[in-house]
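Spelled out, the chains give:
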Amino acid sequence: MKALITGGCGFIGSHVARAFVTDGWEVTNLDKLTYAANPANVAGLAGQPNYRFIEGDLCDATLVRDLVAGMDLVLNFAAETHVDRSLLDPAVFARTDVEGVVCLLEAIRADGRAALLHMSTDEVFGSLPEPEEAAEDAPFAPTSPYSASKAAAELMVRAYRETYGLPVTVLRCCNVFGPLQHVEKFIPLFTIRALAGEPMPLYGDGLQQREWLYVDDLVEAIRFVARGSSSDVREINVGSGHRVTNIEIARRICELTERPASLIHPVLDRPGHDRRYAIDWSKLRATGWSPKVDFEDGLARTVAWYTAHGRERAEGDDRFAGYFRAQYGQRLK
Ligand SMILES: NC(=O)c1ccc[n+]([C@@H]2O[C@H](COP(=O)([O-])OP(=O)(O)OC[C@H]3O[C@@H](n4cnc5c(N)ncnc54)[C@H](O)[C@@H]3O)[C@@H](O)[C@H]2O)c1
């Protein structure tokens, strides 16, 4: 079986690429190698007979059409993913996260064979008051350019399904964490700042609540869905039920790194920061998948990984320091 994985040098895509290669799929990884990619994430796959890497853009219609031809399954993880960056430059989010998805849908329509598993997010539902949870049919209410672009992509996916009958599954996932995530994201960033004894810039009061799923559990959910769903047409929510505030995570990171909680430094919140996401994933649970990794265990593994590799990742990325200064320099003054 042949799979095209887009964004396979990023966080989630690289974990999935490894799992699919292990499972014997013939995997093609298409990645533009943006700032968020790290070829080291898939270094172990190079040279494997059932793996090939293509550097290229999801918005390159000719390339994408060529790559999709003959595939059984396309898994779309290529995206601009950082909400903070979407406030700085929304256009690139519209391009990759919406236009890129249309480009992929067109290629699948032309090919007429491949099924698509498209990765989306619980952020499309916007902020929900306690005790609400968003089920699969909850209305979209995105607030950031990132979540708006993901919602727009989903609408295009839905339109292609209704209009052309494309076999498309959308997975909407809560926050994912684990090794190999880019160092500017919340848990990696706070871990490397704590380890270095530097202030950890916490937006606002830190009471924003997110639901967290360990990356290995998401990989299992994707394997589970891919096994049974290639011709099914549906939307599936993926969650963990583990909801925690940002300040609680920051405190746990201080404990795990044995650094004082006084390093947590409240800074000016970002505009439009959603307070609470909560996803209802009972439909997926009812079909037989549930997460196995306890949040505390996953966080300890993640912090241990960044303790070993975080500094080298941050220092090996010449764009990271510039981004950190632009995003937090003024706020930390
Ligand atoms: N990480 C999370 O917590 C989370 C939660 C829910 C949903 N998602 C979704 O999962 C998917 C993967 O997220 P991630 O955290 O692994 O992202 P990431 O930022 O770590 O990786 C994205 C990858 O896509 C590649 N890419 C970007 N633009 C591209 C383009 N135009 N053409 C080809 N490749 C391109 C990048 O180079 C990078 O390797 C995204 O669709 C994201 O919206 C992520």
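Residues numbered from 1 in each chain as written. Predicted model: local features only at pLDDT ≥ 70, side-chain atom pairs only at ≥ 80, totals over all residues. Heavy atoms only, no water.

Asks: Which parts of the structure should I look at to understand the overall build of the protein?
Replies: Summing up its helical and strand segments, the protein has eleven helices and twelve strands in all. For 333 residues, the compact-globule estimate of 2.2 N^0.38 gives 20 Å, and the C-alpha radius of gyration of the protein, at 19 Å, lies within 12% of that figure. Classification of the 333 residues of the protein by burial places 56% in the buried group. Across the protein, every contact between residues at least 6 apart in sequence was considered, and the portion connecting residues at least 24 apart equals 82%. Accessible surface computed for the protein: about 13700 Å², of which carbon and sulfur atoms make up 52%. Taken together, the 36 basic and 46 acidic charged side chains of the protein have centroids lying 1 Å from each other. (Helix = DSSP H or I, 4+ residues; strand = E, 2+ residues; numbered from the N terminus. Rg over C-alpha atoms; globule rule 2.2 N^0.38 Å. Buried < 20%, exposed > 50% of the residue type's maximum accessible area, 1.4 Å probe, protein only. Contact = heavy atoms within 4.5 Å. Areas by Shrake-Rupley, 256 points an atom, 1.4 Å probe, with all protein chains shown as cover. Lys, Arg positive; Asp, Glu negative; His and termini not counted. Charge placed at Lys NZ, Arg CZ, Asp CG, Glu CD.)

Asks: I keep staring at the packing of helix H8 (residues 246–257) against helix H10 (residues 295–315) and nothing clicks. Help me out?
Replies: Two elements in contact, H8 and H10, have axes separated by 10 Å at closest approach and are oriented at 55°. Regarding the angle of H8 to H10, the classification is oblique. When you trace H8 past H10, the crossing you get is right-handed. Across the interface between the two elements, Ile249, Arg252, Ile253, Leu256 and Thr257 from H8 touch Phe295, Glu296, Leu299, Ala300 and Val303 from H10. A per-class count over the contact of H8 with H10 returns seven nonpolar, one polar and two charged. (Axes fitted to C-alpha atoms, helices over the stretch in contact; angles between N-to-C directions. Parallel < 35°, antiparallel > 145°, perpendicular 65-115°, else oblique. Left-handed = near helix turned anticlockwise from the far one by under 90°. Nonpolar A, V, L, I, M, F, W, Y, C, P; charged D, E, K, R; others polar.)

Asks: Would you mind going over the site of the ligand with me for this structure?
Replies: Within the structure, the ligand sits among 29 residues, and Ile12, Asp31, Thr81, Tyr146 and Lys150 are positioned closest to it. Contacts to the ligand include aspartate 31, whose side-chain N or O atom sits 2.6 Å from an oxygen atom. A distance of 2.7 Å separates an oxygen atom of the ligand from a polar atom in the side chain of threonine 81. Elements that contribute at least two residues to the shell around the ligand include exactly helix H1 (11–22), strand E5 (115–121), helix H5 (145–164) and strand E7 (175–177). Of all the elements, E5 adds the most residues to the shell around the ligand, at three residues. (Near = heavy atom within 4 Å. Polar contact = N/O pair within 3.5 Å; in protein donor to acceptor, adjacent residues only side chain to side chain.)

Asks: I keep staring at the packing of helix H6 (residues 186–195) against helix H11 (residues 320–332) and nothing clicks. Help me out?
Replies: Between two packed helices, what matters for the description is the angle formed by their axes and the separation of those axes. The contact between H6 and H11 brings their axes to 14 Å, and the two run at 80°. Here H11 runs roughly perpendicular to H6, going by the angle between their axes. For the pair formed by H6 and H11, the contact residues are Leu189, Ile192 and Arg193 on the first element and Phe320, Phe324, Tyr328 and Leu332 on the second.

Asks: Before we go on, may I ask you to explain the packing of aromatic side chains in this structure?
Replies: Aromatic rings in a pair are described by how distant their centres are and how their planes are angled relative to each other. Overall, the coordinates contain 14 aromatic pairs when judged by the stated rule. Relative to phenylalanine 295, the ring of phenylalanine 177 lies with its centre 5.2 Å away and its plane at 50°, an arrangement referred to as tilted. Taken as a pair, phenylalanine 177 in strand E7 and phenylalanine 295 in helix H10 lie far apart in primary sequence, 118 residues in all. Judged by relative accessible area, which is 5%, phenylalanine 295 ranks as buried. (Phe/Tyr/Trp six-rings, centres within 6.5 Å; stacked < 30°, edge-to-face > 60°.)

Asks: Sorry, what's going on with the sheet that holds strand E4 (residues 73–76) here?
Replies: Remark on secondary structure: sheet strands pair via backbone hydrogen bonds, oriented parallel or antiparallel. Ordered in space as E3-E2-E1-E4-E5-E6-E10, the seven strands form an open sheet in which the pairing is parallel. Lying at the two open borders of the sheet, with one neighbouring strand each, are strand E3 (51–55) and strand E10 (234–238). Along the sheet, successive strands turn relative to each other by an average axial angle of 20°, direction set aside. By the bridge criterion, five bridges tie strand E2 (residues 26–31) to E3 in an arrangement that is parallel. The residue of E3 that forms the bridge with asparagine 29 is phenylalanine 53. Across the sheet, helix H2 (residues 61–68) is in contact with strand E1 (2–6), E2, E3 and E4; its angle to E2 comes to roughly 170°. (Pairing = 2+ DSSP bridges.)

Asks: Help me understand the nonpolar core in this model?
Replies: A general trend in soluble globular proteins is that nonpolar side chains are found buried together. Counting 78 residues, the largest nonpolar core has Val16, Phe20, Leu75, Leu218 and Val238 as its most contacted members. Judged by nonpolar contacts, the second largest core, of 24 residues, contains Leu58, Met71, Ala114 and Tyr160. (Core = buried A, V, L, I, M, F, W, Y, C linked by side-chain atoms within 4.5 Å.)

Asks: Before we go on, may I ask you to explain the pairing of strand E6 (residues 168–173) in this structure?
Replies: Side chains on a regular strand alternate between the two faces of the sheet. Judged by how many residues are buried, E6 sits mostly within the fold: six of six residues are covered. Neither face of E6 is exposed, since Val168, Val170 and Arg172 on one face and Thr169, Leu171 and Cys173 on the opposite face are all buried. Sheet topology note: the E5/E6 ladder contains six bridges and is parallel. When the sheet's bridge partners are listed, methionine 119 is paired in E6 with leucine 171. Each parallel crossover has a hand, and the one from E5 via H5 to E6 is right-handed. One ladder, built from five bridges, connects E6 with E10; its direction is parallel. Within the sheet, the bridge partner assigned to leucine 171 lies in E10 and is isoleucine 236. (Right-handed = clockwise from strand over helix to strand, strands pointing away.)

These figures come from the coordinates and say nothing about function on their own.
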